[in-house]
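Working through the structure, step by step
If you want the building blocks of each chain, they are given just below.
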Amino acid sequence: MRSLSTHRRARGSPAADCALMGAHHPSPLSMRPLFVLALALVFAAPASAQFAIGGQVGDPTGLSLKFGQGAGSVILAVGWDLDESVSAEGHYLLRERRLQGSRTASVFYGPGLFVRTGGPTDDFGVSLGVGLEADLVPEIEIYGLVSPRLQLIEDTDFDLGAGLGLRDDKLVAVHGV
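Here the structure is a predicted model, which means the values were calculated and not measured.

How each quantity is defined
- Residues numbered from 1 in each chain as written.
- Predicted model: local features only at pLDDT ≥ 70, side-chain atom pairs only at ≥ 80, totals over all residues.
- Heavy atoms only, no water.
- Helix = DSSP H or I, 4+ residues; strand = E, 2+ residues; numbered from the N terminus.
- Buried < 20%, exposed > 50% of the residue type's maximum accessible area, 1.4 Å probe, protein only.
- Contact = heavy atoms within 4.5 Å.
- Core = buried A, V, L, I, M, F, W, Y, C linked by side-chain atoms within 4.5 Å.
- Phe/Tyr/Trp six-rings, centres within 6.5 Å; stacked < 30°, edge-to-face > 60°.
- Lys NZ or Arg CZ within 6 Å of the ring centre and 35° of its normal.
- pLDDT = per-residue confidence, 0-100.
- Polar contact = N/O pair within 3.5 Å; in protein donor to acceptor, adjacent residues only side chain to side chain.
- Salt bridge = Lys/Arg side-chain N within 4 Å of Asp/Glu carboxyl O.
- Patch = residues over 30% accessible without salt bridge, like charges linked within 9 Å, V, L, I, M, F, W, Y side chains within 5 Å.
- Areas by Shrake-Rupley, 256 points an atom, 1.4 Å probe, with all protein chains shown as cover.
- Pairing = 2+ DSSP bridges.

Brief notes about the overall build of the chain
- In terms of helices and strands, the chain carries three helices and nine strands.
- Reading the chain from its N terminus to its C terminus gives the helix and strand order α-α-α-β-β-β-β-β-β-β-β-β.
- With 177 residues in all, the chain has 40% of them scored as buried.
- Residue pairs in contact within the chain that sit at least 24 positions apart in sequence constitute 48% of those at least 6 positions apart.

Next comes the structure, spelled out in structure tokens:
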């Protein structure tokens, strides 16, 4: 079954028309590695001495980072897929609130951006991350995240991302920030 964006491309979008005529359709994300790195740095800019690193399975599957603690922190996931695509998604947390009656579990949400490049198309858009996290032990947190996404480049489409992961804030020492 084809996605909405694939169906649109097949019906005569400029990208499909150029591909049929043998012309190269330049992508706004043609400098793929540089763009993914720039996106990661934009989200890492407000980094503080609070830093956690770990892994995530889902979309994307790969490295998970968290800069800061509570509201105002930034979460970033950078991953890869077997089709040789690289993706990154980051969220600025507007709110992180402990669940009533829990010492370690909290709910969080915030707006974000995502990019996927290197696959059949280059995708870029906005997202909203909503999740739940809890401390397994004081330095290790487990989390789940759901992320509705609105793709803006290469086509306009809706997608849903999700991930489960672990992060350790004692694995990497950050001094003097």
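Some remarks on the nonpolar core
- Of all hydrophobic cores here, the largest spans six residues; its members are Phe51, Ile53, Leu65, Phe67, Val74 and Leu76.
- Contributions of two or more residues to this core are made by strand E1 (51-58), strand E2 (62-67) and strand E3 (74-80).
- Ranked by size, the runner-up nonpolar core spans five residues in total, among them Ile75, Leu93, Phe108 and Tyr143.

Here we look at the packing of aromatic side chains
- Applying the stated criterion across every chain, the model contains one aromatic pair.
- With centroids separated by 5.1 Å and ring planes inclined at 45 degrees, the aromatic side chains of Phe51 and Phe67 adopt a geometry described as tilted. With Phe51 in strand E1 and Phe67 in strand E2, this pair connects stretches of sequence that are 16 residues apart.
- Judged by its relative accessible area of 15%, Phe51 falls in the buried class.
- Given the relative accessible area of 9%, Phe67 is considered buried.
- Between Arg167 and the ring centre of Tyr143, over which it is positioned, the NZ or CZ distance is 4.0 Å.

Comments concerning the confidence of the model for the chain
- Confidence along the chain averages 76 in pLDDT terms, with 68% of residues attaining 70 or more.
- Across the chain, the secondary-structure element scoring lowest on mean pLDDT is helix H1 (residues 4-10), at 41, and the one scoring highest is strand E8 (residues 140-153), at 94.
- Here residues 1-31 is modelled with pLDDT under 50, and outside its nearest four sequence neighbours on either side it reaches 28 contacts, counting other chains as well.

Quick look at the side chain of Asp123
- By the element assignment, Asp123 lies in strand E7 (residues 123-137).
- Looking at Asp123, its side chain comes within polar contact range of the side chain of Gln151, at 3.1 Å.

As for the side chain of Thr117
- Of note, Thr117 is situated in strand E6 (residues 106-117).
- A residue is classified by how much of its surface remains accessible, and Thr117, at 3% relative accessible area, is buried.
- In terms of polar contacts, Thr117 uses its side chain to reach the side chain of Asp122, at 2.9 Å.

Some points on the pattern of salt bridges
- Taken as a whole and judged by the stated rule, the model has 11 salt bridges.
- Note that Arg149 and Asp59 form a salt bridge whose closest N and O atoms lie 3.0 Å from each other. Of this pair, Arg149 sits in strand E8 while Asp59 sits in the loop between E1 and E2, and the two are 90 residues apart along the sequence.
- Where Arg116 meets Asp123, a salt bridge forms, and the shortest distance between an N and an O atom there is 3.4 Å.
- Looking at Asp123, the relative accessible area reads 7%, which means it is buried.
- One network of salt bridges, with partners in common, ties together Asp59, Glu89, Arg116, Asp123, Arg149 and Asp159.

Concerning a nonpolar patch on the surface
- Residues Tyr92, Leu94, Tyr109, Leu128 and Val130 make up a contiguous nonpolar surface patch of about 450 Å² in total accessible area.
- For Leu94, the location among the structural elements is in the loop between strand E4 (86-92) and strand E5 (95-98).

Let's talk about the pairing of strand E9 (residues 157-168)
- Bridge count for E1 against E9 is six bridges, and the pairing is antiparallel. Bridge pairing in E9 links Gly55 to Leu166.
- Where E8 meets E9, 12 bridges bridge the pair, whose relative direction is antiparallel. By the bridge assignment for E9, Ile142 is matched with Leu166.
- What sits between E8 and E9 in their antiparallel hairpin is a turn of three residues.

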